[in-house]
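Residues per chain, in single letters:
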Amino acid sequence: MDKLFIDEAVSELSTVNDMMRWAVSCFNEADLFYGHGTDNGWDEAVQLMLPSLHLPPFISDDIKAARLTRSERQLLAELVARRVEERLPAPYLTNKAWFAGLEFYVDERVIVPRSPIAELIAQRFAPWLQGEPRRIMDLCTGSGCIAIALAYAFPEAEVDALDISVDALNVAEINIQHHGLEERVIPILSDLWQALPEGDQYDLIVSNPPYVDEEDMADLPDEFHHEPELALASGFDGLDLTRQILAKAADFLTDEGLLVVEVGNSQVHLSAQYPQVPFTWVEFEQGGHGVFVLTKAQLLAHRDLFVTEPS
């Protein structure tokens, strides 16, 4: 963006609303891609600007009409310029993201939280989860957002947050400490199940693993290339890790235990590879797709399929 254009905005705009309207115009002209917590230019401007002003995500019209200092306008204009020129998702510019109504720290060591699993957590996994879980696993935890939201939803449960990435676990620890959950959410460095002792069992295993297939990886908008590839790509069909999860999950579930996994667009590949498996595909009221539920009994009944390489 031209420096004169930015200087003009800083000089002539005055209120929060002015800056957000200007940002939306800039975003629309640049044809940005939205998908890291928003789906339109106005919400993107809100997500970018309000945290940068140390304001909550929802403010009154009076606050929107409040005048900004010159230094605040300069800060916001520079953030808009970076969002346009670098195609950085807004949460990486503010280091703030929201998931399940909770605020999290994020940076480029982790993907930006956006899983529809938040809706399942709010519903406490009804009607599938039987009883109150005592032990929960968040497999491929990333920023720790799912693990922490689970800890809030099930206040009597201990939540283990597993990830293969030391960088991701460092971010997760920031969030665990921020939410004061050090005693209940335990970050564990592990390549899937590798670090767990044999016989360790959980009432609920939730996973949002890498699931982007080769074709989709090649077509991702620029914004997604700022996220760690390790947290996105999972082989030709996007199911390399999911197959490993399906093959071993039953070993780590209690008898009434439940497995919940997000596979996104790779749902079509999974359904085609395992037509015999009774995946329950969750229908979301708030948007999203590609999340399945399986019981331990269902996993055991089809274990032979999961441990065999697909043809």
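Residues numbered from 1 in each chain as written. Predicted model: local features only at pLDDT ≥ 70, side-chain atom pairs only at ≥ 80, totals over all residues. Heavy atoms only, no water.

A.B. asks: Mind laying out the pattern of salt bridges, listing which residues take part and the relevant values?
C.D. replies: Pairs can form between side chains of opposite charge once their charged atoms are near each other. Taken as a whole, this structure holds 15 salt bridges when the rule is applied. In this structure, E227 and R114 form a salt bridge, with 2.8 Å as the shortest nitrogen-oxygen distance. Here E227, found in the loop between α10 (214–219) and α11 (240–248), pairs with R114, found in the loop between β2 (102–105) and α7 (117–122); they are 113 residues apart in sequence, far enough to count as distant. Judged by relative accessible area, which is 33%, R114 ranks as partly exposed. Within this structure, R135, E158, D160 and D200 form a network of salt bridges that share partners. (Salt bridge = Lys/Arg side-chain N within 4 Å of Asp/Glu carboxyl O. Helix = DSSP H or I, 4+ residues; strand = E, 2+ residues; numbered from the N terminus. Buried < 20%, exposed > 50% of the residue type's maximum accessible area, 1.4 Å probe, protein only.)

A.B. asks: How would you summarise helix α8 (residues 145–153) if you had to cite specific residues and measurements?
C.D. replies: The buried fraction of α8 amounts to eight of the nine residues, a majority that puts the element mostly inside the structure. Considered for burial, the residues of α8 that qualify are C145, I146, A147, I148, A149, L150, A151 and A153.

A.B. asks: Any details on the environment of L169? Residues and values, ideally.
C.D. replies: Within the secondary structure, L169 sits in helix α9 (residues 166–178). Separated by 163 residues in the primary sequence, L169 and I6 have C-alpha atoms spaced 38 Å apart. Excluding residues that lie within four positions of it along the chain, L169 makes contacts with T141, A161, D163, P187, I188 and L189. (Contact = heavy atoms within 4.5 Å.)

A.B. asks: Describe the pairing of strand β1 (residues 96–99), and please don't skip the residues or the numbers.
C.D. replies: Of the two faces of β1, the one holding A97 and F99 is buried and the one holding K96 and W98 is not buried anywhere. The turn joining β1 and β2, which pair antiparallel and follow one another in sequence, is formed by two residues; a positive phi near 55 degrees is taken by A100. (Pairing = 2+ DSSP bridges.)

A.B. asks: Which residues make up the nonpolar core, and what values do they have?
C.D. replies: Grouped together as the largest cluster of nonpolar side chains are 39 residues, with contacts concentrated most on M19, W22, F27 and V80. Mapped onto this core, the elements with two or more residues apiece are α1 (3–12), α2 (16–30), α3 (41–52), α5 (70–86), α6 (90–94) and α9. Counting residues in hydrophobic clusters, the runner-up holds 33 residues, among them I146, L150, A157 and I176. (Core = buried A, V, L, I, M, F, W, Y, C linked by side-chain atoms within 4.5 Å.)

A.B. asks: Summarise the pairing of strand β5 (residues 185–189); cite the residues concerned and give the values.
C.D. replies: In this structure, strand β4 (residues 158–163) lies alongside β5, joined through five bridges in parallel fashion. Residue pairing in the sheet places D160 in a bridge with I186 of β5. Since β4 and β5 lie parallel, the crossover through α9 that links them has a hand, and here it is right-handed. (Right-handed = clockwise from strand over helix to strand, strands pointing away.)

A.B. asks: How would you sum up the sheet that holds strand β6 (residues 202–207)? Please name residues and give values.
C.D. replies: Pairing in this open sheet of seven strands is mixed, and the strands run β5-β4-β3-β6-β7-β9-β8 from one edge to the other. The sheet is open, and its two edges are formed by β5 and β8 (280–281), each paired on a single side. Bridge count between strand β3 (residues 135–139) and β4: five bridges; the pairing is parallel. Among the inter-strand pairings, D138 is bridged to a residue of β4, identified as A161.

A.B. asks: Describe the packing of α1 against α5, with residues and values.
C.D. replies: Each pair of packed helices gets described by two things: the angle between the helix axes and the distance between those axes. Across the interface, α1 lies against α5 with an axial gap of 9 Å and an inter-helix angle of 145 degrees. Where α1 crosses over α5, the two elements pack in a sense that is right-handed. Together, I6, V10 and S11 of α1 and R70, R73, Q74, A77 and A81 of α5 make up the contact between the two elements. Its residues placed into classes, the contact of α1 with α5 shows four nonpolar, two polar and two charged. (Axes fitted to C-alpha atoms, helices over the stretch in contact; angles between N-to-C directions. Left-handed = near helix turned anticlockwise from the far one by under 90°. Nonpolar A, V, L, I, M, F, W, Y, C, P; charged D, E, K, R; others polar.)

A.B. asks: Account for the packing of α2 against α5, naming residues and giving values.
C.D. replies: Running from amino to carboxyl end, α2 crosses α5 at an angle of 15 degrees, the nearest separation of the two axes being 10 Å. If you check the angle between α2 and α5, you find them roughly parallel. Handedness of the α2/α5 crossing: right-handed. Across from M19, W22, A23, C26, F27 and A30 in α2, the residues of α5 making contact are R73, L76, A77, V80, R83 and V84. Class assignment for the residues of the contact of α2 with α5 results in 10 nonpolar, no polar and two charged. (Parallel < 35°, antiparallel > 145°, perpendicular 65-115°, else oblique.)

A.B. asks: Summarise the packing of aromatic side chains; cite the residues concerned and give the values.
C.D. replies: Per the stated rule, a full pass over the model turns up eight aromatic pairs. Between F5 and W22, the ring centres sit 5.7 Å apart and the planes meet at 40 degrees, which makes this aromatic pair tilted. With F5 in helix α1 and W22 in helix α2, this residue pair connects regions lying 17 residues apart in the sequence. Ring centres of W281 and F292 lie 5.6 Å apart, and the angle between their planes is 80 degrees; this geometry places the pair in the edge-to-face category. Here the residue W281 occupies a position in strand β8, and F292 occupies one in strand β9 (residues 291–295), the gap between them amounting to 11 residues. Overall, W281 belongs to the partly exposed group, its relative accessible area being 22%. Overall, the relative accessible area of 0% leaves F292 in the buried class. (Phe/Tyr/Trp six-rings, centres within 6.5 Å; stacked < 30°, edge-to-face > 60°.)

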